Amino acid sequence: MILVTGGAGFIGANFVLDWLAAHDEPVLNLDKLTYAGNLENLASLANDKRHVFVQGDIGDRALMDALLTKHQPRAVVNFAAESHVDRSIHGPEDFIQTNIVGTFHLLEAVRGYFGKLEGAAKTNFRFLHVSTDEVYGSLAPNEPCFTEKHQYEPNSPYSASKAASDHLVRAYHHTYGLPVLTTNCSNNYGPYHFPEKLIPLMIVNALAGKNLPIYGDGQQIRDWLYVKDHASAIRRVLEAGKPGETYNVGGWNEKPNVEIVNTICKLLNELQPRADGKSYAEQITYVTDRAGHDRRYAIDASKIEKELGWKPAETFESGIQKTVAWYLSHADWVANVQNGSYREWVNKQYAN
Ligand code: NAD
Ligand code: TYD
């Protein structure tokens, strides 16, 4: 089996669902169930014996030791993290705790487990760390996309904590010979995306008749990848990646935020028009910019394409269409995640 951490969050849940659709190999899913973790994302696996869920913290060394010893996974895929830049600006501590200290404890547990493996179990073992393009910092408009050799220049507490975890993972390979793989992916979107992030927030706010808050001038650029393409990239890296290597993952889809929001409004105008016949774009509101807002991210995905033959299946146009349709048909999921703590966050973040 494989051990997945953070598998009740947005990307982790999509990965687990896709993994079990493609493989019969069981998944042990360890997740702390923070505000971002939601077992409803995995509801379709309720009676599936191939999926074993454990609530817990990657930083709980005794728990991780016990799980590794009991289940003897052939690989660990680490999604567990605090992931929202705006929350890291309001309060960085949880980011330091989970993304740095938690990853350290997880690495220690895995190092102990790996040290006791023998023969093929040892040769084939992998630790795959899921990271982000944000560790590379911000690009000027005409600079080339991030390659794996781009220097680390993280600018937010979130990206700094992810960068620190990447460095620890790298060090465990060089120092202890742990067979690690690191993926640095661009911005994801798709089903089960928590509506604090740009794309789901805009869909959910539009349908609720609320403002669509665009930070600053809205010309910041992100490089968007449909979440299931990220899942397929991770499966491919786990299967064929070279230990010690990092792989940048992206779909060559750079778009300014304002264009993303307008695309969502256009799709909603077609699929669920406003009662007054006006465009959802009327709800767009420009708000105070994010502190330290990175201007542009863009991934050069040549390495994973050439060395591992991976390619995304979706274009941005097909992926965003599927995403908007998914939110329209999952009003219950949206209502359930918008609990008290969600409303508190939205009130705090968008108070002005
Ligand atoms: P998410 O916030 O939706 O989910 C994170 C999950 O981790 C949640 O289920 C949460 O309960 C769990 N978790 C948090 N702290 C934990 C802990 N201490 N122990 C165990 N579980 C814990 O995040 P996501 O968007 O699914 O991102 C998953 C990973 O992918 C993260 O490492 C993130 O940095 C990385 N990533 C995200 C994106 C993106 O666009 N969302 C892009 C590239 C990389
Ligand atoms: P986000 O989804 O938070 O991802 P990240 O900051 O990790 O890239 O934000 C994507 C972009 O959208 C980013 O440039 C910030 C911007 N944004 C807004 O303009 N308004 C919002 O309400 C949010 C949440 C994000």
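Quantities reported herein were computed from a predicted structural model and do not represent experimental measurements.

What counts, and at which threshold
- Residues numbered from 1 in each chain as written.
- Chains lettered and ligands numbered in written order.
- Predicted model: local features only at pLDDT ≥ 70, side-chain atom pairs only at ≥ 80, totals over all residues.
- Heavy atoms only, no water.
- Axes fitted to C-alpha atoms, helices over the stretch in contact; angles between N-to-C directions.
- Helix = DSSP H or I, 4+ residues; strand = E, 2+ residues; numbered from the N terminus.
- Left-handed = near helix turned anticlockwise from the far one by under 90°.
- Contact = heavy atoms within 4.5 Å.
- Nonpolar A, V, L, I, M, F, W, Y, C, P; charged D, E, K, R; others polar.
- Buried < 20%, exposed > 50% of the residue type's maximum accessible area, 1.4 Å probe, protein only.
- Pairing = 2+ DSSP bridges.
- Near = heavy atom within 4 Å.
- Polar contact = N/O pair within 3.5 Å; in protein donor to acceptor, adjacent residues only side chain to side chain.
- Areas by Shrake-Rupley, 256 points an atom, 1.4 Å probe, with all protein chains shown as cover.
- 1 Å grid on protein atoms, 1.4 Å probe; cavity = no way out; pocket = protein on both sides within 12 Å on 5 of 7 lines; lining within 4 Å.
- Points joined across faces, edges and corners; volume = space filled by probe spheres on them.

K.L.:
Go over the packing of helix α1 (residues 10-22) against helix α8 (residues 227-240) with me, naming the residues and quoting the values.
P.N.:
One can describe the packing of α1 onto α8 by two numbers: an axis separation of 9 Å at closest approach and a directional angle of 65 degrees. For α1 against α8, the interelement crossing comes out right-handed. In this structure, α1 uses Phe10, Ile11, Asn14, Phe15, Asp18, Trp19 and Ala22 to contact α8, whose residues at the interface are Val227, Lys228, His230, Ala231, Ile234, Arg235 and Leu238. A breakdown of the residues in the contact of α1 with α8 according to their chemical character gives 9 nonpolar, 2 polar and 3 charged.

K.L.:
Explain the pairing of strand β8 (residues 212-215) to me, using residue names and the numbers behind them.
P.N.:
What you see with β8 is no split at all: Leu212 and Ile214 on one side and Pro213 and Tyr215 on the other are buried throughout. As paired strands, β8 and strand β12 (residues 284-287) are joined by 4 bridges and run parallel to one another. Of the residues in β12, the one forming a bridge with proline 213 is threonine 285.

K.L.:
Go over the site of ligand 2 with me, naming the residues and quoting the values.
P.N.:
Residues in contact with ligand 2 amount to 19 residues; listed here are only the nearest, Glu134, Arg222, Arg290, His293 and Tyr350. Within the side chain of glutamate 134, an N or O atom sits 2.5 Å from an oxygen atom of ligand 2. At 2.7 Å from an oxygen atom of ligand 2 is found a side-chain nitrogen or oxygen belonging to histidine 293. Burial of ligand 2 by the protein amounts to 98% of the accessible area it has alone, namely 510 Å². Elements represented by at least two residues in the shell around ligand 2 include exactly α3 (85-90), α7 (198-207) and β8. Considering each element in turn, the shell around ligand 2 owes the most residues, 3 residues, to β8. Of the residues assigned to the shell around ligand 2, the class counts are 8 nonpolar, 5 polar and 6 charged.

K.L.:
Describe the layout of surface pockets, listing the residues and the values that go with them.
P.N.:
Empty pockets left among the atoms are what a rolling probe the size of a water molecule brings to light. What the largest pocket holds in volume is close to 430 Å³. Breaking the lining of the largest pocket down by element, the ones donating at least two residues are α6 (157-176) and β6 (180-185). At 6 residues, α6 tops the list of elements feeding residues into the lining of the largest pocket. In terms of residue class, the lining of the largest pocket is made up of 4 nonpolar, 8 polar and 6 charged.

K.L.:
Explain the site of ligand 1 residue by residue, including any values.
P.N.:
Residues in close proximity to ligand 1 total 28 residues, the closest being Ile11, Asp31, Ser83, Tyr158 and Lys162. Contacts to ligand 1 include serine 83, whose side-chain N or O atom sits 2.6 Å from an oxygen atom. Within the complex, 97% of the 840 Å² of free accessible area of ligand 1 lies under protein. Taken together, the elements giving at least two residues each to the shell around ligand 1 come down to α1, β5 (126-132), α6 and β7 (187-189).

On their own, these measurements won't tell you what the molecule is for.
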